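So you can see what is in the structure, the chains are spelled out below.
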Amino acid sequence: MAIVPTSHVLIVSALLVCIGAFGVLLRRNLLFMLLSLEVMLNGAALAFVAASARWQQPDGQIFVMFIMAMAAAEVAVGLALILQIYRRVSTLDADALDLMRG
Amino acid sequence: MTQVFYVASALAVVAAFLTVTRSNALHAVLYLVLALFALAIDFLALGAPFIAALEIIVYAGAIVVVILFVIMMVAGAAVSGEQERRWLPPRAWVVPSLLAGALAVLTIGSLAAGGGQAVAPTTIGPREVGAVLFTTYLIGVELASVLLLAGLVGAYYLGARD
């Protein structure tokens, strides 16, 4: 098995979360924002696995499973919302959704 | 195995960056699959084979396929690379790069200063995970099932045509 310092694993996890946040800020297409969110969730999952390996307890892995269940529910509802938005305004531009602007 | 971890981590970071910056939606999803497989290798190297298998089956299998279905349903103008390139002029990159860069420098700086003990994992297999999952975290399993049911009903309601 790999012998690496905990901080190195956490640095990779932090990099993934930062890349995902960068994507959410950069993109205007809702579909790409959802993909960036997936990248962020995977960064968090890596941190949990690192903690699980560091303390040799299965709890961290169990929380990764909860993250996956949450991601599945989030993707299902998010994609249904994207489809509904596309039917109504015929674009996936997040800036086009200004119906509530006063 | 240690080198495997570093190579897979570099691959995951590069593939994740390409995922969030590609203009073609299908290319982005394929890079996401690459990042997920690299992360699964990371999990394997850190002694979590069960999570590595779930990452491939649930994430790279189920979730990515659902995203691909939606890309096909909104195909054409909504996900074409042409429009994406128009939406991403060079000046749109400045502020997100600064903000995400500052976040990365702060978190990585604090982590690098901390040093940290070595992770030298013995494998924690499905047996140990399952034993704790269905005793200590049983309430969490029930709540996750309620959440998934709510997601299913919500997706069905929102996805239905008027």
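Residues numbered from 1 in each chain as written. Chains lettered and ligands numbered in written order. Predicted model: local features only at pLDDT ≥ 70, side-chain atom pairs only at ≥ 80, totals over all residues. Heavy atoms only, no water.

Contact residues are listed per partner, giving 69 residues for chain A and 86 residues for chain B. Buried surface at the junction of chain A and chain B, summed over both partners, amounts to about 7100 Å²; 76% is from carbon and sulfur atoms. Of all the elements in the fold, those that place two or more residues in the side of chain A that touches chain B are strand 1 (4-5), helix 1 (6-26), helix 2 (30-55) and helix 3 (59-89) of chain A. The residue makeup of the side of chain A that touches chain B, split by class, is 48 nonpolar, 13 polar and eight charged. Judged from the two bridges that link them, strand 1 of chain A and strand 1 (residues 118-119) of chain B form a sheet pairing that is antiparallel. Paired with A:P5 across the strands is B:A118, a residue of strand 1 of chain B. (Contact = heavy atoms within 4.5 Å. Buried area = accessible area lost by both parts, 1.4 Å probe. Helix = DSSP H or I, 4+ residues; strand = E, 2+ residues; numbered from the N terminus. Nonpolar A, V, L, I, M, F, W, Y, C, P; charged D, E, K, R; others polar. Pairing = 2+ DSSP bridges.)

A few words now on empty space enclosed by the protein. Inspection of every chain in the model, using the stated rule, returns one cavity of 30 Å³ or more. Taken as a whole, the largest cavity holds about 40 Å³ of empty space. Lining the largest cavity, in full, are A:L16, A:V39, A:N42, B:A16, B:L32, B:A35, B:L36 and B:L39. Elements with a contribution of two residues or more to the lining of the largest cavity: helix 2 of chain A together with helix 2 (25-45) of chain B. Looking at the lining of the largest cavity element by element, the count peaks at four residues for helix 2 of chain B. Class assignment of the residues belonging to the lining of the largest cavity gives a composition of seven nonpolar, one polar and no charged. (1 Å grid on protein atoms, 1.4 Å probe; cavity = no way out; pocket = protein on both sides within 12 Å on 5 of 7 lines; lining within 4 Å. Points joined across faces, edges and corners; volume = space filled by probe spheres on them.)

Residues and elements named next belong to chain A. Taken as a whole, this structure holds two salt bridges over all chains when the rule is applied. In this structure, R28 and D93 form a salt bridge, with 2.7 Å as the shortest nitrogen-oxygen distance. In this pair, R28 sits in the loop between helix 1 and helix 2 while D93 sits in the segment after helix 3, placing the two residues 65 residues apart along the sequence. The exposure class assigned to R28 is partly exposed, which follows from its relative accessible area of 27%. Owing to a relative accessible area of 9%, D93 belongs among the buried residues under this scheme. Between R28 and D95 there is a salt bridge, with its nearest N and O atoms 3.4 Å apart. (Salt bridge = Lys/Arg side-chain N within 4 Å of Asp/Glu carboxyl O. Buried < 20%, exposed > 50% of the residue type's maximum accessible area, 1.4 Å probe, protein only.)

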